[in-house]
Amino acid sequence: MKFIVDNIFLIGLVIISGGALLIPYLQQRGSKLTLLQATQLINTGKTLVLDVRDAEQFAAAHLRDARNIPLKELPQRIAELEKFKGKSVIVVCQSGTQTAKAEGILKKAGFAEVHGLTGGIAAWQAQGLPTAGQKAAK
């Protein structure tokens, strides 16, 4: 007991620093897919790929058969996706940072299986995976 009282500040420091290390893990929201998992899910043919980047970025390069609805327009255009409620949805953005917000919107609208692509289109392209669009023609 004397040890705890004598070292209360050190013990507090250890607890606070340990908590700080856990924060990034606790902040991860949504269901994330690795590139391999996404590829496998896409290959089943029962998946909607939803790209939430703006139209210019989408035109430059996107996953094949992806639908483009910019994130800021998603709440107003959610009705366009009603027929896909029974499918898995993979949300794609530039780097994987905006997918959680889109996932929340889709889940609130009744989509049961929604996943974000870890690393986004940037990670997809970095691995040399196929894309469609202007840059894909190179």
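Residues numbered from 1 in each chain as written. Predicted model: local features only at pLDDT ≥ 70, side-chain atom pairs only at ≥ 80, totals over all residues. Heavy atoms only, no water.

Turning our attention to the overall build of the protein chain. Each helix and strand counted, the protein chain has seven helices and five strands in total. For the protein chain, the residues scored as buried account for 33% of the 138 residues in total. Here the analysis covers contacts within the protein chain between residues at least 6 apart in sequence; of these, 68% occur between residues at least 24 apart. Per element, the accessible surface of the protein chain, about 8800 Å² overall, is 60% carbon and sulfur. Averaging the coordinates of the 17 positive side-chain charges in the protein chain and doing the same for the 10 negative ones gives two points 2 Å apart. (Helix = DSSP H or I, 4+ residues; strand = E, 2+ residues; numbered from the N terminus. Buried < 20%, exposed > 50% of the residue type's maximum accessible area, 1.4 Å probe, protein only. Contact = heavy atoms within 4.5 Å. Areas by Shrake-Rupley, 256 points an atom, 1.4 Å probe, with all protein chains shown as cover. Lys, Arg positive; Asp, Glu negative; His and termini not counted. Charge placed at Lys NZ, Arg CZ, Asp CG, Glu CD.)

In terms of burial, strand E4 (residues 88-92) is a largely internal element, five of the five residues being buried. Here E4 shows two buried faces, one formed by Ser88, Ile90 and Val92 and the other by Val89 and Val91. The pairing of strand E2 (residues 47-51) with E4 spans five bridges and is parallel. If you follow leucine 50 over to E4, its bridge partner there is valine 91. Pairing of E4 with strand E5 (residues 114-117), which is carried by three bridges, proceeds in the parallel orientation. Counterpart to isoleucine 90 in the pairing with E5 is histidine 115. Crossover handedness for the path E4 to helix H6 (residues 99-108) to E5: right-handed. (Pairing = 2+ DSSP bridges. Right-handed = clockwise from strand over helix to strand, strands pointing away.)

In space, the five strands of this open sheet follow the order E1-E5-E4-E2-E3, with parallel pairing throughout. The strands lining the two open edges of the sheet, one partner per strand, are strand E1 (32-33) and strand E3 (67-68). One ladder, built from two bridges, connects E2 with E3; its direction is parallel. If you follow leucine 50 over to E3, its bridge partner there is arginine 67. Of the strands in this sheet, E1, E2, E4 and E5 are in contact with H6, which crosses E5 at around 170°. (Axes fitted to C-alpha atoms, helices over the stretch in contact; angles between N-to-C directions.)

Here the focus is the nonpolar core. Ranked by size, the top nonpolar core spans 17 residues in total, and within it Leu50, Leu74, Leu81, Val89, Leu106 and Phe111 carry the most contacts. Those elements giving two or more residues to this core turn out to be E2, E4 and H6. Broken down by element, the residue count for this core peaks at three residues, all from H6. Ignoring sequence-local partners within four residues, the contact set of leucine 74 consists of Leu50, Ile69, Leu81, Ala102, Ile105 and Leu106. (Core = buried A, V, L, I, M, F, W, Y, C linked by side-chain atoms within 4.5 Å.)

All right, on to the environment of proline 75 then. If you trace the backbone, proline 75 turns up in helix H5 (residues 74-77). Classification of proline 75 as partly exposed rests on a relative accessible area of 44%. Spatially, the C-alpha atoms of proline 75 and leucine 106 are 8.5 Å apart, while their sequence positions differ by 31 residues.

Burial along E5 is two-sided: Val114 and Gly116 facing one way and His115 and Leu117 facing the other are all buried. Relative to E5, E1 runs parallel, the two being bridged by two bridges. Within E5, the residue paired with leucine 33 across the bridge is leucine 117.

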